[in-house]
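Summary of structural features
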Amino acid sequence: MTTQQPVWIIGGYQSDFARNVTKESRDIGDLVAETATGSLSAAGISAEQVDVIHVANAMGEFYVRQGHLGSMVASVVPGLSGVPATRHEAACASGGVAVMAAMADLESGRYDVALVLGVEIERNVPGPVGARYLASASWVGHEGDGQDYVWPFTFSRIAEEYDRRYGLEDRHLRLIARQNIANARTNPKAQTRDWSTPPACFADDDAANPRIVGRVRRYDCSQVTDGGAGILLVSDRWLRHSGGSVRGPVARIAGWGHRSASLHLQDKLDASAGADFVFPHVRGAIRDAFSRAGIDDVFELDGIETHDCFTVSQYLAIDHFGITKPGRSGDAVDSGITRRDGALPVNPSGGLIGVGHPVGATGVRMMLDGYLQVTHQAAGYQVQGARRFATLNFGGSTATVVCTVISHGAGA
């Protein structure tokens, strides 16, 4: 395991994920401008101090017919003109890989201050049209043929695989949905914070919680969302020499893991036949992050922000993090371990199901929430005493995986 140079988070910004940007007569450029300037302001950094920009966006060419979003930043924030900028796409892990690229820039010594943005507009087209756009993150022509909703179909297959290997009770998926929507109620930026969700929404009720495909029902799904999130990352050199000018508390990215696997779900399932975990590469990314952060046991964390694009995604994260033995994630759900007030809270923000899932912005939003938690700024959803949080961001059926560990600045 290579030695990494410290990289620090000094602030960031999230838009209100309940908004519909198109109905506000705004566009992707407006969202980029809002997210960039909001992030700079929150971190107390001027545009002139930024050395490099990394923009995460997965679906710009589809939803808003706009690519080349790295250069969009200079178009809408003139003070950032001339700063090198790159756009990153890795489906739902676009934010995670943008963070990895920014970290590499800082660790190498090439740059010292990186602005990382994630932006996505998805609420401007009808649902079936959006579903076709999102299907591009699968292996087109090789899986999901004939399916109107490729991703509910794919994650239903993952639920079926869990059931075949270990047994899976659907009530645990319903409990995850209920927990995340409940957590989102006190998050002032969450898309579902004002939703009315009576108990039938978290039951096998075909009216209140209709079946989408197979094991997946309406409230098992994350939200179609417009949103932006940004963070400012700085090198250890910069923090030592300029840290006195930082407005707020800092947190360190203490560990990271980044792995990829085949786009095709069946390839991954075949590769893990006989293995302890359904997705050994996900477990590997987590173990890499833990090793770099000096963590021996998952309960050394104070919380996790994980990729719950569907409830079964959070279910698989629970055992892959090691909260339970493989296939026993339901035990943690039943016991309350993963509740916001539990021994190891998972998605205290509300996650993708509660907060929303603007695809390219999600990985950055998770990093921002980890930073807010360990610096005790997560107003409305703070985990008391939090000092170390993990994030797990993945794209497709776990084809791209990024895990990080974020530690409080003091003694990190």
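Our structure is the block above this text.
Just so it is clear, the structure is predicted and the values come from calculations on it, not from any experiment.

1. Remarks on the packing of aromatic side chains
Tallied over the full model, the rule gives 9 aromatic pairs. Taking the centre distance of 6.3 Å and the plane angle of 50° together, the rings of Trp-151 and Phe-155 count as tilted. Here Phe-155 and Trp-151 lie together in helix 6 (residues 150-165), a separation of 4 residues that amounts to about one turn. Judged by its relative accessible area of 13%, Trp-151 falls in the buried class.

2. Things to note about the environment of Arg-211
When you line up the elements, Arg-211 lands in strand 5 (residues 211-213). The class of Arg-211 is partly exposed, set by a relative accessible area of 47%. The sequence separation of Arg-211 and Pro-152 amounts to 59 residues, and the corresponding C-alpha distance is 10.0 Å. Apart from the residues lying within four places of it in its own chain, the contact partners of Arg-211 are Val-216 and Arg-217.

3. Brief notes about the sheet that holds strand 11 (residues 400-408)
Strands sit in the order 3-2-4-7-1-8-11-10-9 across an open sheet of 9 strands; the sheet is mixed. Of all strands in the sheet, those with a lone pairing partner are strand 3 (85-88) and strand 9 (303-306), marking the two edges. If you compare each strand with its neighbour and ignore which way they point, the axes differ by 25° on average. Packed onto the sheet, helix 1 (residues 28-43) meets strand 1 (7-14), strand 4 (113-120) and strand 7 (227-235) and runs at close to 145° relative to strand 4. Running at roughly 150° to strand 8 (residues 251-260), helix 10 (residues 280-293) makes contact with strand 8, strand 10 (388-395) and strand 11 of the sheet.

4. Details of the pairing of strand 10
Burial of strand 10 is extensive: 7 of the 8 residues sit out of reach of the surface. Note: strand 9 against strand 10, 4 bridges, orientation parallel. Residue pairing across strands places Ile-304 opposite Ala-390, the latter belonging to strand 10. In this sheet, strand 11 lies alongside strand 10 in antiparallel orientation, the contact comprising 8 bridges. Note on strand 11: the bridge partner recorded for Phe-389 is Ile-406.

5. Topic: the pattern of salt bridges
In this structure the tally under the stated criterion is 25 salt bridges. The closest approach of N and O atoms between Arg-171 and Asp-334, which form a salt bridge, is 2.9 Å. Here Arg-171, found in helix 7 (residues 170-184), pairs with Asp-334, found in helix 12 (residues 329-335); they are 163 residues apart in sequence, far enough to count as distant. Shared partners join several salt bridges into a network, and the residues in it are Arg-174, Asp-204, Asp-206, Arg-217 and Asp-220.

So, how was this worked out
- Throughout, residues of each chain are indexed from 1 in the direction in which the sequence is written.
- Per-residue local features of the predicted model are confined to residues with pLDDT of at least 70, and side-chain atom pairs are confined, for both listing and counting, to 80 or more; whole-chain, interface and lining totals are unaffected and use all residues.
- Note that the side-chain values use all heavy atoms of the structure and ignore hydrogens as well as water.
- Side-chain rings of Phe, Tyr and Trp, where Trp is taken by its six-membered ring, are said to pair if the distance between their centres is within 6.5 Å; with planes under 30 degrees apart they count as stacked, over 60 as edge-to-face, and otherwise as tilted.
- Each helix corresponds to a stretch of at least 4 residues labelled H or I by DSSP, and each strand to a stretch of at least 2 residues labelled E; elements are numbered beginning at the N terminus.
- Remark: exposure states derive from per-residue accessible area (1.4 Å probe, protein chains only) relative to the maximum for the residue type, with buried under 20%, exposed over 50%, and partly exposed in between.
- Residue contacts are counted whenever heavy atoms from the two residues lie within 4.5 Å of one another.
- Strands pair, by our definition, only if DSSP identifies at least two bridges between them.
- In this analysis an axis means a line fitted to C-alpha atoms, helices contributing only their contacting stretch, and an angle means the value between N-to-C directions, from 0 to 180 degrees.
- What counts as a salt bridge is simple: a side-chain nitrogen of Lys or Arg found within 4 Å of a carboxyl oxygen of Asp or Glu.

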